[in-house]
Amino acid sequence: MPEAGQDLHHGHERDQTSHGNRLHHKNIGVNLGGGVGIPYRPEEEPVDLPALGREIRAVYEARIMPNGLHPLKIALELGRAITGPYGYLVSRVLHKKETYKNYVGLDASMANLMRPGMYGAYHHITVPGKEDWPHDQVYDVTGSLCENNDKFAIDRWLPRIDVGDLVVIHDTGAHGHSMGFNYNGKLRSAELLLRPDGGVTMIRRAETVEDYFRTIDFSQLENMDGDSRPSERHISQYTAVGK
Ligand SMILES: Cc1ncc(COP(=O)(O)O)c(C=O)c1O
């Protein structure tokens, strides 16, 4: 018999009625998880959520209701589909390099958006004020980490980009800031909310150097007068900790 909250597909085929009745007061549900995609590329279509809902209802009516399991809670853990399309990473172009390839270097990095560098994922990029310019330049759009896979785009057709331009990286509302890190001393950015009235509210401040060092505690090292061998007091202190 599955415990409260445990997925139901373990052997619930047998002995339906008794399971069903006991399930009702056990507050049992089915969690369908997350994983509903979003259209990262302009030519892609969003998932038809109403159609998905109709499919889930059809399975529910075909499998759950005839087996006496109704009412059964159905849960979804949608992340990307809820927040993904509504986040943008706005970054400034700090560098340009034209060698055997054309590179533009941003002030953002994988610490702000890991997906392109980690999965080779596509995120659409636009250049405010140049949306209608011909996209006749090919660039690698790189981040500011000392890592060669810190790239937001490779061989991407874009309008001519100049140092100082802003670029907007789309669909970063999921698996973006939340996957951030402080490697290379990178401090995570502020998050701003664009309100329906066009106003902007900062909902998360940018990290500071103090934040970066906040969890470091050297206080136990203050008595180390150049002698790295632990003194009796240190040994007693640490053996006390170990007990
Ligand atoms: C347990 C679990 N539930 C839900 C989600 C959300 O998935 P998505 O953002 O693809 O909807 C994740 C994503 O990693 C997950 O690990």
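Residues numbered from 1 in each chain as written. Predicted model: local features only at pLDDT ≥ 70, side-chain atom pairs only at ≥ 80, totals over all residues. Heavy atoms only, no water.

On to the site of the ligand, then. Taken together, Gly34, Gly35, Glu77, Leu78, Gly79, Arg80 and His175 are the residues near the ligand. At 2.3 Å, a side-chain N or O of Glu77 approaches a nitrogen atom of the ligand. Taking Gly79, its main chain carries an N or O atom lying 2.9 Å from an oxygen atom of the ligand. Calculation on the ligand without its partners gives an accessible area of 390 Å², and the protein chains cover 56% of this total. Residue composition of the shell around the ligand, grouped by class: one nonpolar, four polar and two charged. (Near = heavy atom within 4 Å. Polar contact = N/O pair within 3.5 Å; in protein donor to acceptor, adjacent residues only side chain to side chain. Areas by Shrake-Rupley, 256 points an atom, 1.4 Å probe, with all protein chains shown as cover. Nonpolar A, V, L, I, M, F, W, Y, C, P; charged D, E, K, R; others polar.)

We now examine the pattern of salt bridges. One pass over the full model with this rule turns up 13 salt bridges. The partner of Asp162 in a salt bridge is Lys130, and the shortest N-O contact between them spans 2.9 Å. Highlighted residues: Asp162 in the loop between strand 7 (151-158) and strand 8 (166-169) and Lys130 in the loop between strand 5 (125-126) and strand 6 (137-142), separated in sequence by 32 residues. A salt bridge links Asp165 to Lys130, with the nearest nitrogen and oxygen atoms 2.6 Å apart. Pair noted here: Asp165 is in the loop between strand 7 and strand 8 and Lys130 is in the loop between strand 5 and strand 6, with a separation of 35 residues, a long-range link. Comparing Asp165 with Lys130 shows no difference in burial state: the two are buried. Among the ionic contacts, a cluster of salt bridges with common partners joins Lys101, Asp140, Lys151 and Asp155. (Salt bridge = Lys/Arg side-chain N within 4 Å of Asp/Glu carboxyl O. Helix = DSSP H or I, 4+ residues; strand = E, 2+ residues; numbered from the N terminus. Buried < 20%, exposed > 50% of the residue type's maximum accessible area, 1.4 Å probe, protein only.)

Okay, the sheet that holds strand 7 next. In space, the six strands of this open sheet follow the order 5-8-3-4-6-7, with mixed pairing throughout. This sheet does not close on itself; its edge strands, each paired only once, are strand 5 and strand 7. The pairing of strand 4 (residues 102-106) with strand 6 spans three bridges and is classified as parallel. Bridging from a neighbouring strand, Gly105 pairs with Thr142 of strand 6. (Pairing = 2+ DSSP bridges.)

To continue, consider the pairing of strand 6. Summarising the sheet, strand 6 and strand 7 pair through five bridges and their orientation is antiparallel. Across the sheet, residue Val138 finds its bridge partner in strand 7, namely Trp157.

The next thing to look at is the packing of aromatic side chains. In the structure shown here, the tally under the stated rule is two aromatic pairs. When the ring of Tyr100 is compared with that of Tyr103, the centres are 6.5 Å apart and the planes differ by 80°; the resulting orientation is edge-to-face. Tyr100 gets classed as exposed once you look at its relative accessible area, which sits at 72%. For the ring pair Tyr212 and Phe213, a centre distance of 4.9 Å and an interplane angle of 80° mean the geometry is edge-to-face. Here the guanidinium or amino end of Lys97 rests over the ring plane of Tyr103, the centre of that ring lying 5.0 Å away. (Phe/Tyr/Trp six-rings, centres within 6.5 Å; stacked < 30°, edge-to-face > 60°. Lys NZ or Arg CZ within 6 Å of the ring centre and 35° of its normal.)

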